[in-house]
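In case you want the letters, here they are:
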Amino acid sequence: MCLTYGSLQRGRTPVYVCLCRAVTENEVHDCISAGARSARQIRDATGAGGDCASCVRKICAILKRSEDLMPTA
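Residues numbered from 1 in each chain as written. Predicted model: local features only at pLDDT ≥ 70, side-chain atom pairs only at ≥ 80, totals over all residues. Heavy atoms only, no water.

### Notes on helix α2 (residues 39–46)
At step 1: Three or more residues of α2 are buried, namely A39, I42 and T46. Down the axis of α2, the buried set is contained in an arc of 60°. They therefore lie on one face. Away from its buried face, by an angle of more than 90 degrees, α2 presents the exposed residues R40 and D44.
At step 2: Backbone geometry just after α2 places G47 at a positive phi near 95°. (Buried < 20%, exposed > 50% of the residue type's maximum accessible area, 1.4 Å probe, protein only. Helix = DSSP H or I, 4+ residues; strand = E, 2+ residues; numbered from the N terminus. Arc of directions from axis to C-beta.)

As structure tokens, this is what we get:
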């Protein structure tokens, strides 16, 4: 599982990516930091996208933004 203590920020309202599984944006970012590179890998780790799948677009957008921020060698 990709959950870390850092994803549980005190005093901040979590931004939910997946309402069905209560997965936050921070949890998705934690999964990406841990090596997830696809919506399927994030779904397998968190469950996000496994129910109604309305969050898959949000997850893909987060993945795309993280790829754009990664330096290329």
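### Considering helix α1 (residues 25–33)
At step 1: Listed in full, the buried residues belonging to α1 are E27, V28, D30, C31 and I32.
At step 2: Packed against the buried residues of α1 are β1 (16–18), β2 (23–24), α2 and α3 (56–69). (Contact = heavy atoms within 4.5 Å.)

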